[in-house]
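Single-letter residue listing:
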Amino acid sequence: MWFVRFLTSSIGKKMVMAVTGLCLILFLCVHAAGNVTIFVGSAVFQGYAENLHSHPVIVFIFRVGLLALFLIHIGVGLLLWQEGRKEGKNRYVVNTWVSKNPYAMSTMPYTGLFILFFVLIHVFGFAVAPTHDQMISHVIDDALSNFFYVLLYLAGFAALFIHLSHGFWSMLQTVGINHPRYNTLIARATWVVPGGFLCFFSLIALYLLTTSTY
Amino acid sequence: MSEINLTLKIWRQPNAEAEGKVETYSVENISTDSSFLEMLDVLNEKLTHEGVDPVAFDHDCREGICGMCGAVVNGVAHGPEKETTLCQLHMRHFKNGDTIVIEPFRSRAFPIYKDLMIDRSAFDRIIQAGGYTNVNTGGTPDANSVRISSQQLELAMDAAACIGCGACVASCPNGSAMLFTSAKVSQLALLPQGQVERKERAQAMVQCMDGEGFGHCTNTKECEAVCPKGISISNIARLNREFLKGIFTGRDD
Amino acid sequence: MELKSNVPEGPLEKKWDNYRFSSKLVNPANRRKFSIIIVGTGLAGGAAAATLAEQGYQVKSFCIQDTPRRAHSIAAQGGINAAKNYQNDGDSIFRLFYDTIKGGDFRSREANVYRLAQVSNEIIDQCVAQGVPFAREYGGTLANRSFGGAQVSRTFYARGQTGQQLLLGAYSALSRQIKAGRVTMYTRREMMDVVVVDGRARGITVRNIITGEIESHAADLVILGTGGYGNVYFLSTNAMASNVTAAVRAYKKGAGFANPCYVQIHPTCIPVHGDFQSKLTLMSESLRNDGRVWVPKKKGETRKAADIPENERDYYLENKYPSFGNLVPRDVASRNAKEKCDEGQGVGPTGLAVYLDFAEAIQRDGADVIFRKYGNLFQMYQKIVNVDPMKEPMMIYPAVHYTMGGLWVDYNLMTTIPGLFAIGECNFSDHGANRLGASALMQGLADGYFVIAACVANYLGTNKFAKVDETNEAFLSSRREVEDRLQKLLKNSTGGSAGKCTVDEIHKELGKLMWDYCGMARNKEGLEHALKELPGIRQKFWDKVYIPGSTKDINQSLERAGRVADFIDFAEIVVRDALARGESCGCHLREESQTEENEALRDDANYSHVAVWEYTGEGSEPKLNIEPLTFENVTPSQRSYK
Ligand SMILES: Cc1cc2nc3c(=O)[nH]c(=O)nc-3n(C[C@H](O)[C@H](O)[C@H](O)COP(=O)(O)OP(=O)(O)OC[C@H]3O[C@@H](n4cnc5c(N)ncnc54)[C@H](O)[C@@H]3O)c2cc1C
Ligand code: HEM
Ligand code: FES
């Protein structure tokens, strides 16, 4: 069967990583767009959040979808990592990396796991734990005025940056996008996209740290 | 021309089953004009005179084209020079007193026979899975009957330049054979002659590649960096496309 | 020894058709009942294995390397000839035939050469259909270049890697047949003997290089495509594993060896740089299209090339051969370089090199034009020598490159042992006393793809085959012989290495003797000297060679020792042949046979023949047999390049 052949092949698994990775990037974009409202003001953000939650079906589908994406991305990622370790770069007495910037690519599972750790705290703190009578904007304001909490956030964003500084280009390569005409563009985007996320999310965190409203 | 003395740390393994270890040797008065393999020849002559089993290593053309030679030198497949096979690496790139660590190409799919000699027959099986056009001898159309733009042709030739040495696998942290496989798939995908089997070819060759125990590609670019023929990983992207197209639009059986 | 050429009847251009029409065929359904052994996976052997398997025969294919794709053919750079006349510059089958016969100095068989020219066009079609990326013009049609001084552009090429691309084409066709189960591939096997049963070749004995095991393989016929013997000179442009073992084993079993003294020495190779040198690297002949060859006029010149003024340079080829200049054929260019160096005008640290200078071409066409043409060759040169030919002239010197001699075959490509065929560089057939550039690839593929299949069918169709398998006494005794010989090679290994020599040391000694006395220019005295020295080298080899390890596993010293032992035996017939051929022809220059202007002088009255050597037993002199050459379609003329 074609999809069994696809999923059991090395390229198929990589494509699953790439597609789920891309979806996660798209989610981050949506997430970021929503977060813009924070800058506009606490009330607007609250409005956005409430509006979002007034459509429970959408929220449910979104959550389940997101969860599935994460689970697939993580599951397949760890599987591939495990398979890759059978060989291991360290199979030689002397090991030398020849290509440029090997750190991002050799730490993909670690940055990934750190993102996971961060996401769990983030989700647990903002989406699950708050009781219904608390306003989400306040919860966030609260949390992000704590210096260490912000530090954790910044670390999470940095991990995401590193993950994507290899992952973005890698995703395109995996789905077959590599052409001399666009390679300069892709190379730039591989810094701009993760860099954009890093700056934007960090800015929110720092903004909230410095403008704590209570 | 000048002469240098070197310390060599070489992987010695008497046969496939035996445990190997690194042995240390020294060689003196190596001309900097000689090639790396000629330096090993000097060592082997010396070992033979001492009654020691010489280091087994594969080589044939010594011109950088047959793909028979290869070893990992100080952690880098084919040594420090870019786009250079081991046989074309010259000793002027080393300094007097250097210590050089020489190990065989390692991969699950490339068992060691002896010392630096390995079994790369898995590559042959990947080609057998589909790296050809199904034409018999005779009865082929006139060579000029299909025109091919020189640009397209050059791209195919870039891919066809692969010498099948296995450095890509040896240097890949996952032991992936994607660069090798993609070079052949690309050559045939880019030429009109390769179109008939195009949809099945990538799938068949990838399936074989996976079955031989090669790892998957994590886009580390190590293969491209050590490839003595400068084969580009854009071929891997092309293989990915070919594979995808084959899976989704090819015949299902 | 009977030498019947079996050339078919009819006019030249009809012979091949007549042959195919009158020869016996094997019914497609019956072909799978026949088994064929093919030794060698170069262009000749690889193409033959694929083609015969496609036709339905059971094929067993053997090679020394770890995969069929690495045969020595892979190293060919320049290109492959064909009479396509795509450039519309007056080429034709007859012209390619004529050029090849003339280039071979009228020492080859007309009918064979004509057939070669006839099938040349099909080769190009075949290769393109396999996906061989021959260079194309901007408009998408195939590109050609003129090669080795040819007056027409008929050479097809794939960058500087034509041999590689052609071989990979044959290899992919072979791979397809391996997958289909019609070819059984035996890699890392070295053929040690031909097995003859009831007067016919019925199998081979091989050594498995990995396990050391001696194996027997039986079949209905055996085809050798084992390449040339240039490594008898130790230093050559051939790959390290190129050897004469298979051919010598056949010779000792009764196959005649033709024209062993015809050895082509290529003028543009990178000079020798030291004693530890293991092989020589060819620089494509195309360099002579733009490079100018010169040496300093002053003997023992010490100035750098750039400091030597124009009037103190000796452009000896341009001066001596005004109409061909730097593009004279290989043998002429080589010989003149040697002469200049012998006279003390050579350059470089050893004095054994001449300049090949691109300064004028760069000035005329611009640096980028020249770099675009030769960039990859320049880079290769720079990698090896560490000098940039764009800035300083290259240094070149002749080196042993190709061997026109080989196993004698008739029009059927069959040796004097029935059922033993020889194809590619391993046979003597098509190049006479000198091979034109880009014609070896053509011949290998012509034999492998197009000629051998008809010959095999004819042989199988005209004979009855008793069932023979590996338990036959002939196989058993061949195995014993091979095993004894290996033991004999190892006999010095007990008692330590002190006072012994390595295989390479003796091979170098042999090579030097051959190069000095049976190299570019030969004379009676020198050849007789070499003949006297050879037994001493053989003696030293068997008494002193030290080979560590055993016969039972991977032993690269043992492999080389077996080959060198055969080279030593074989060297004797090379020298004897050179001695017997009192004329100069093609690549064989006898100093006694020169014109007043020191040009090679052919002697058609006495030597218009193929010299075929017959083995008469260990220790007894080989016998010379003769196949006379007759020319009905061309008139032998004295070559002149003035
Ligand atoms: C550097 C170089 C450049 C050249 N350039 C050109 C060119 O541009 N144009 C051109 O036309 N010609 C060129 N030639 C010549 C041409 O390449 C060869 O003549 C031709 O490729 C020979 O092909 P082959 O199939 O006969 O033998 P080879 O390719 O030599 O193959 C021999 C095969 O036999 C096997 N073999 C040998 N001995 C044994 C044994 N004892 N047991 C088992 N297997 C054995 C080997 O493993 C190998 O597979 C060049 C040659 C060299 C050296
Ligand atoms: C928002 C979060 C995340 C985003 C946007 C993201 C994005 C990506 C992208 C685009 C890739 C490249 C795919 C490819 O090479 O084709 C990738 C690879 C990878 N990701 Fe993530 N990822 C995220 C979270 C995670 C998490 C939580 C893990 C946990 C283990 C993880 C592990 C990996 C691994 C191991 C790879 C490399 C796979 C390989 O090359 O074989 N990622 N990721
Ligand atoms: S020996 Fe042929 S590539 Fe190095």
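Not measured: the values here are computed from a predicted model. (Residues numbered from 1 in each chain as written. Chains lettered and ligands numbered in written order. Predicted model: local features only at pLDDT ≥ 70, side-chain atom pairs only at ≥ 80, totals over all residues. Heavy atoms only, no water.)

Caption draft 1: Inspection of the domain arrangement of chain C at higher detail. All names here are of chain C. Taken domain by domain, chain C consists of domain 1 (12-23 + 38-262 + 404-462), domain 2 (266-401) and domain 3 (473-601). Between the C-alpha centres of domain 1 and domain 2 the distance comes to 32 Å. Across the contact, 18 residues belong to domain 1 and 22 residues belong to domain 2. Between domain 1 and domain 2 lies a buried interface of about 1700 Å² when both sides are counted; carbon and sulfur atoms form 53% of it. Considering only the side of domain 1, the residues that lose the most area to domain 2 are Q77, L235 and T237, jointly responsible for 36% of the buried surface there. Counting the contacts that link domain 1 with domain 2 gives zero salt bridges. Put simply, domain 1 and domain 2 have six residue pairs in polar contact (both at pLDDT 80 or more) between them. Along the lines of polarity and charge, the residues of the side of domain 1 that touches domain 2 split into five nonpolar, twelve polar and one charged. (Domains from an automatic or database assignment. Contact = heavy atoms within 4.5 Å. Buried area = accessible area lost by both parts, 1.4 Å probe. Salt bridge = Lys/Arg side-chain N within 4 Å of Asp/Glu carboxyl O. Polar contact = N/O pair within 3.5 Å; in protein donor to acceptor, adjacent residues only side chain to side chain. Nonpolar A, V, L, I, M, F, W, Y, C, P; charged D, E, K, R; others polar.)

Caption draft 2: Focus on the sheet that holds strand β10 (residues 257-258) of chain C. Residues and elements named next belong to chain C. Reading across the sheet, the four strands line up as β16-β10-β20-β21 and stay open at both edges, with antiparallel pairing between neighbours. In this open sheet, the two strands that pair with only one neighbour each are β16 (406-407) and β21 (623-628). Summarising the sheet, strand β20 (residues 609-614) and β21 pair through six bridges and their orientation is antiparallel. Paired with W613 across the strands is L624, a residue of β21. (Pairing = 2+ DSSP bridges. Helix = DSSP H or I, 4+ residues; strand = E, 2+ residues; numbered from the N terminus.)

Caption draft 3: Seen up close, the interface of chain C and chain B. Contacts between chain C and chain B engage 75 residues on the former and 76 residues on the latter. When the two sides are added together, the surface that chain C and chain B hide from each other amounts to roughly 6400 Å², 50% of it contributed by carbon and sulfur. Scanning the region where chain C abuts chain B turns up six salt bridges. Between C:K279 and B:E63 there is a salt bridge, with the nearest N and O atoms lying 3.0 Å from each other. Looking at the side of chain C that touches chain B element by element, the count peaks at nine residues for helix α5 (residues 162-179) of chain C.

Caption draft 4: Molecular detail of the site of ligand 1. If you check the shell around ligand 1, you find 38 residues, and the closest are C:Q65, C:S73, C:M191, C:E425 and C:L441. Neighbouring residues of ligand 1 are not confined to one chain but are distributed across chains B and C. At 3.4 Å from an oxygen atom of ligand 1 is found a main-chain nitrogen or oxygen belonging to C:G225. One of the backbone N or O atoms of C:A440 is found 2.9 Å from an oxygen atom in ligand 1. Alone, ligand 1 offers 1000 Å² of accessible surface; in the complex the protein occludes 98% of this. Among the secondary structure elements, those contributing two or more residues to the shell around ligand 1 are α2 (43-54), β6 (189-197), β15 (394-403) and α11 (440-462) of chain C. A total of three residues in the shell around ligand 1 trace back to one element, the largest contributor, which is β6(C). Taken together, the residues of the shell around ligand 1 break down into 15 nonpolar, 18 polar and five charged. (Near = heavy atom within 4 Å. Areas by Shrake-Rupley, 256 points an atom, 1.4 Å probe, with all protein chains shown as cover.)

Caption draft 5: Expanded view of the pairing of strand β11 (residues 263-269) of chain C. Residues and elements named next belong to chain C. Of all seven residues in β11, seven are buried; the element is thus mostly enclosed. Sheet topology places β11 next to β15; five bridges connect them, and they run antiparallel. By the bridge assignment for β15, Q264 is matched with Y402. (Buried < 20%, exposed > 50% of the residue type's maximum accessible area, 1.4 Å probe, protein only.)

Caption draft 6: A look at the coordination of the iron atom of ligand 2. Residue and element names in this part refer to chain A. Donor atoms from the polypeptide that bind the iron atom of ligand 2 are H73 (NE2) and H163 (NE2), placed at 2.0 to 2.1 Å. Of note is the iron atom of ligand 2, whose six donor atoms meet at the metal with angles of 86 to 180° in an arrangement that counts as octahedral. Of the two residues, H73 is situated in helix α4 (residues 56-85) and H163 in helix α8 (residues 147-174); the sequence distance between them amounts to 90 residues. The burial state of H73 is the same as that of H163; both residues are buried. (Donors = N, O, S within 2.8 Å, 3.2 Å for Na, K, Ca; no water. Tetrahedral: all angles 85-135°; square planar, octahedral: opposite > 155°, others 65-115°.)

Caption draft 7: Quick look at the packing of aromatic side chains. With the rule as written, the count across this model stands at 45 aromatic pairs over all chains. Their ring planes at 50° and their centres at 5.9 Å tell us that B:F36 and B:F94 sit as a pair that is tilted. Of this pair, B:F36 sits in helix α1 (residues 36-49) while B:F94 sits in the loop between β4 (76-77) and β5 (99-103), and the two are 58 residues apart along the sequence. The class for B:F94 is buried, based on a relative accessible area of 8%. Measuring from ring centre to ring centre gives 4.9 Å for C:F257 and C:F570, while their planes differ by 55°; the resulting arrangement is tilted. Remark: C:F570 occurs in helix α15 (residues 556-580) and C:F257 occurs in strand β10; sequence separation between them is 313 residues. Given a relative accessible area of 1%, C:F257 falls into the buried group. Residue class for C:F570 comes out buried when judged on its relative accessible area of 2%. Here a set of aromatic residues connected by ring pairs shows up, and it is made of A:F118, A:Y149, A:Y153, A:F157, A:F197, A:F200 and A:F201. One residue, B:K221, lies across the ring of A:W169, its end atom 4.5 Å from the ring centre. (Phe/Tyr/Trp six-rings, centres within 6.5 Å; stacked < 30°, edge-to-face > 60°. Lys NZ or Arg CZ within 6 Å of the ring centre and 35° of its normal.)

Caption draft 8: The arrangement of the site of ligand 2 in detail. Around ligand 2, 25 residues are found, and the nearest of them are A:K14, A:H73, A:H163, A:S170 and A:T174. Chains contributing residues to the immediate surroundings of ligand 2 are chains A and B. Side-chain polar atom of A:S170 to an oxygen atom of ligand 2: 2.4 Å apart, as the coordinates give it. Between A:T174 and ligand 2, the recorded distance is 2.8 Å, taken from a side-chain N or O atom to an oxygen atom. Contributing elements (two or more residues each) for the shell around ligand 2: α2 (10-40), α4, α6 (108-128) and α8 of chain A. Among the residues forming the shell around ligand 2, the class breakdown is 14 nonpolar, ten polar and one charged.

Caption draft 9: Focus on the domain arrangement of chain B. Residue and element names in this part refer to chain B. Annotation of chain B at the domain level lists domain 1 (3-103) and domain 2 (120-135 + 142-249). On the domain 2 side, the residues contacting the 13 residues of domain 1 number eleven residues. Summed over both sides, the interface between domain 1 and domain 2 buries roughly 880 Å², with carbon and sulfur atoms accounting for 54% of that surface. Three residues, G67, A77 and E83, lead the burial of domain 1 against domain 2; their summed loss comes to 43% of the area buried on that side. Run the count over domain 1 and domain 2 and you get zero salt bridges. Summed over the shared surface of domain 1 and domain 2, the number is three residue pairs in polar contact (both at pLDDT 80 or more).

Caption draft 10: Fine view of the state of the cysteines. All names here are of chain B. A full pass over the atoms with the stated rule returns zero disulfides over all chains. Free cysteine C172: the closest other cysteine sulfur is in C217, separated by 6.6 Å. Just so you know, C227 is unpaired, no disulfide at all, and the nearest cysteine sulfur is the one on C165, 6.4 Å from it. (Disulfide = S-S within 2.5 Å.)

Caption draft 11: Layout of a nonpolar patch on the surface. Among the surface-exposed residues, A:M1, A:W2, A:F3, A:V4, A:L7 and B:F248 lie close enough to one another that they form a single nonpolar patch of about 590 Å² accessible area. Per-element tally for the nonpolar patch: the top contributor is helix α1 (residues 2-8) of chain A, with four residues. With respect to the helices and strands, B:F248 occurs in helix α8 (residues 234-249). (Patch = residues over 30% accessible without salt bridge, like charges linked within 9 Å, V, L, I, M, F, W, Y side chains within 5 Å.)

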